[in-house]
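Here are the chains, one letter per residue:
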Amino acid sequence: MTNEQSGELAGKVAVITGGAAGLGRGIAERFLAEGAKVVVGDLAEEAPLDGDYRFVATDVADLDQVARLVSSAVDTFGGLDIMVNNAGVSGTMHRRFLDDDLTDFHSVMSVNLLGVMAGTRDAARYMAEHGGGSILNLTSIGGIQAGGGVQTYRASKAAVIQFTKSVAIELAHYEIRVNAIAPGNIRTAIVKKSAAGADLEELEQFEERIRAQMRADRPLKREGTVDDVAEAALYFAGDRSPYVTGTVLPIDGGTVAGKVIARKPKPQTT
């Protein structure tokens, strides 16, 4: 971790779904480094984390398991200040929508949307009675910007955005802030984990072509990292953003702002 730590989350308790790997793990590491106590909910624990944390095996598509995850934070650490609904799946990748049999619709929506709604609700039930808190939902630029491929995934992430804004209005009465982060073109293992039974090599080639196009369209040429997302999560989770709710922050190098305009090279002078 290259970011300078300041103990900004000291004394706070956070729950992070999908926190065993990828973006969720990066957020968990950042929160722990800032002094938070963290409960990680995931299907399986991939590697131990450094700091005061607990792992709870959780399938966010199961409402009872989400409720148990939230309760475990309160039971273990005595409270809940931050809820990060990060767990997500990409669904089956198809070259064109006409080939999509939609058999993964319910599984994708159950994880990407129902899990977020349940995590928000259960965390808010506690926070509403204990002075408020911060809820952060992970969406994607795929939910903001139209494009081809993984249409069910895009629909689920667009729904997360609308849900986040809507519930932020209602929960503001309880001093609960609800925001969303929309990462874009940040490499994680989500595709490999969603490619069971498929030709992984072909899918990786397909994904790389998509990523190459995204790089070409991205105004900032540096690659986005897990740390970039974790830093944004820290901003929303801590005390730096008490007047911010109902927002969606793209972490995408400017991709959703618009495509890069090709510029002609300056003429050479002699």
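Residues numbered from 1 in each chain as written. Predicted model: local features only at pLDDT ≥ 70, side-chain atom pairs only at ≥ 80, totals over all residues. Heavy atoms only, no water.

In the nomenclature of an unreviewed UniProt entry, the protein is known as SDR family oxidoreductase of [Mycobacterium] burgundiense.

Draft legend 1. Just the overall build of the protein, in detail. Broken down by element type, the protein carries seven helices and seven strands. Reading the protein from its N terminus to its C terminus gives the helix and strand order β-α-β-β-α-β-α-β-α-β-α-α-α-β. Computed over its C-alpha atoms, the radius of gyration of the protein comes to 19 Å, within 12% of the 18 Å expected for a compact globule of 270 residues. With respect to the principal axes defined by its C-alpha atoms, the protein has extents near 70 × 50 × 35 Å. (Helix = DSSP H or I, 4+ residues; strand = E, 2+ residues; numbered from the N terminus. Rg over C-alpha atoms; globule rule 2.2 N^0.38 Å.)

Draft legend 2. Representation of the nonpolar core in the model. With 28 residues, the main nonpolar core has Ile27, Phe31, Val38, Val84, Ile181 and Val229 as its most contacted residues. Among the elements that line this core, the one with the most residues is helix H7 (residues 226-237), at seven residues. In contact with Phe31, other than residues within four places in its own chain, are Leu9, Ala14, Ile16, Ala36, Val38, Ile82, Val84, Ala233, Leu234 and Ala237. One finds Leu80, Val116, Tyr126 and Ile135 within the second-largest nonpolar core, a separate group that totals 25 residues. (Core = buried A, V, L, I, M, F, W, Y, C linked by side-chain atoms within 4.5 Å. Buried < 20%, exposed > 50% of the residue type's maximum accessible area, 1.4 Å probe, protein only. Contact = heavy atoms within 4.5 Å.)

Draft legend 3. Spatial organisation of the pairing of strand S1 (residues 13-17). Most of S1 is tucked away, with five of its five residues classed as buried. Residues of S1 alternate between two faces, with Val13, Val15 and Thr17 on one and Ala14 and Ile16 on the opposite face, all of them buried. Of the pairings in the sheet, the one linking S1 to strand S2 (residues 37-42) comprises five bridges and is parallel in character. Counted as the bridge partner of Thr17 is Gly41 from S2. After leaving S1, the chain enters helix H1 (residues 22-33) and then returns to the sheet as S2, a path that is right-handed. Relative to strand S4 (residues 82-85), S1 is paired through three bridges, and the arrangement is parallel. Bridge pairing in S4 places Ala14 opposite Ile82. (Pairing = 2+ DSSP bridges. Right-handed = clockwise from strand over helix to strand, strands pointing away.)

Draft legend 4. Spatial organisation of the sheet that holds strand S6 (residues 176-183). Spatially, seven strands are ordered S3-S2-S1-S4-S5-S6-S7 in an open sheet, and the strand pairing comes out parallel. Where the open sheet ends on each side, the last strands, each with one partner, are strand S3 (53-57) and strand S7 (248-251). Across the sheet, the mean angle separating the axes of adjacent strands is 15° when strand polarity is ignored. Each of strand S5 (133-138), S6 and S7 is contacted by helix H4 (residues 151-171), which is oriented at about 160° to S6, the strand it contacts most. (Axes fitted to C-alpha atoms, helices over the stretch in contact; angles between N-to-C directions.)

Draft legend 5. Layout of a nonpolar patch on the surface. Taken together, the side chains of Phe97, Leu102 and Phe105 make up a nonpolar region of the molecular surface, amounting to roughly 270 Å² of accessible area. Mapped onto the elements, Phe105 comes out in helix H3 (residues 105-127). (Patch = residues over 30% accessible without salt bridge, like charges linked within 9 Å, V, L, I, M, F, W, Y side chains within 5 Å. Areas by Shrake-Rupley, 256 points an atom, 1.4 Å probe, with all protein chains shown as cover. Salt bridge = Lys/Arg side-chain N within 4 Å of Asp/Glu carboxyl O.)

Draft legend 6. Structural detail: the confidence of the model for the protein. Per-residue confidence for the protein gives a mean pLDDT of 91, with 90% of residues at or over 70. Across the protein, the element-wise mean pLDDT spans from 52 in helix H5 (residues 190-193) up to 99 in S4. (pLDDT = per-residue confidence, 0-100.)

Draft legend 7. The arrangement of the pattern of salt bridges in detail. Evaluation of the coordinates by the stated rule reveals 12 salt bridges. Where Glu8 meets Arg240, a salt bridge forms, and the shortest distance between an N and an O atom there is 2.9 Å. Of the two residues, Glu8 is situated in the segment before S1 and Arg240 in the loop between H7 and S7; the sequence distance between them amounts to 232 residues. As a salt-bridge pair, Arg30 and Glu231 come within 2.6 Å of each other at their nearest N and O atoms. With a gap of 201 residues between them, Arg30 in helix H1 and Glu231 in helix H7 connect regions that are remote in the sequence. Here the salt bridges share partners, and the residues they tie into one network are Glu8, Arg30, Glu34, Glu231 and Arg240.

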